[in-house]
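Structural characterization, general
So you can see what is in the structure, the chains are spelled out below.
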Amino acid sequence: MKTPASIHRLSTIPFPERIRKYEYPENMKVMNVTMNGSVRWKSYYWVYITRGLIGKQVAAEELGNGIWRVFYRNVFLGYFNEKDIRSKEKTTRLSTNLV
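Here is a short report on the structure shown in this document. (Residues numbered from 1 in each chain as written. Predicted model: local features only at pLDDT ≥ 70, side-chain atom pairs only at ≥ 80, totals over all residues. Heavy atoms only, no water.)

Another point: the sheet that holds strand S6 (residues 75-81). Within a sheet, adjacent strands bond to each other through the backbone by hydrogen bonds, running parallel or antiparallel. Strand order across the open sheet formed by four strands is S1-S4-S5-S6, with antiparallel pairing between neighbours. The open sheet terminates on both sides in strands that have one partner only, identified here as strand S1 (29-32) and S6. Here the strands of the sheet are splayed against their neighbours by 30° on average, with no regard to which way each runs. Here six bridges tie strand S5 (residues 67-72) to S6, and the two strands are oriented antiparallel to one another. Within the sheet, the bridge partner assigned to Ile 67 lies in S6 and is Asn 81. (Pairing = 2+ DSSP bridges. Helix = DSSP H or I, 4+ residues; strand = E, 2+ residues; numbered from the N terminus. Axes fitted to C-alpha atoms, helices over the stretch in contact; angles between N-to-C directions.)

This is the structure in structure tokens:
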């Protein structure tokens, strides 16, 4: 029957003032997420990622046949097929299912 204030201890884990920039592997294409939550693909196409990552960097890894896996740091976000982007010629959303 003690109060929470009498039991609480301060954490010994240091909290960094700034989070270090993440270094993606060399084989990945690094892109910036813009104010609309999308990344620019091949200069004139858009792939919608999420508004939650505005201002962050994501990276895409090619699997083959125009299919790319997208990551934020080491978190897998989804797939996109660049052939679908070319045929639609408009914004494409990431898919969590392989195309």
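With that out of the way, let us pick up the environment of Ala 60. As for its position among the elements, Ala 60 is in strand S4 (residues 57-64). With a relative accessible area of 0%, Ala 60 lands in the buried category. It is 5.4 Å that separates the C-alpha atoms of Ala 60 and Met 28, two residues lying 32 residues apart in sequence. If near-sequence neighbours (up to four positions away) are discounted, Ala 60 is found in contact with Met 28, Lys 29, Met 31, Trp 68, Arg 69 and Val 70. (Buried < 20%, exposed > 50% of the residue type's maximum accessible area, 1.4 Å probe, protein only. Contact = heavy atoms within 4.5 Å.)

Right, let's get into the pairing of S4. Here S1 pairs with S4 via four bridges, running antiparallel. Residue pairing in the sheet places Asn 32 in a bridge with Gln 57 of S4. As defined by bridge partners, S4 adjoins S5 across five bridges and the pair is classed as antiparallel. Paired with Ala 59 across the strands is Phe 71, a residue of S5. Taking the residues that link successive antiparallel strands as the turn, the S4-S5 hairpin has two residues, and the phi of Asn 65 there is positive, at about 55°.

Read these as layout, nothing more, since geometry by itself doesn't imply function.
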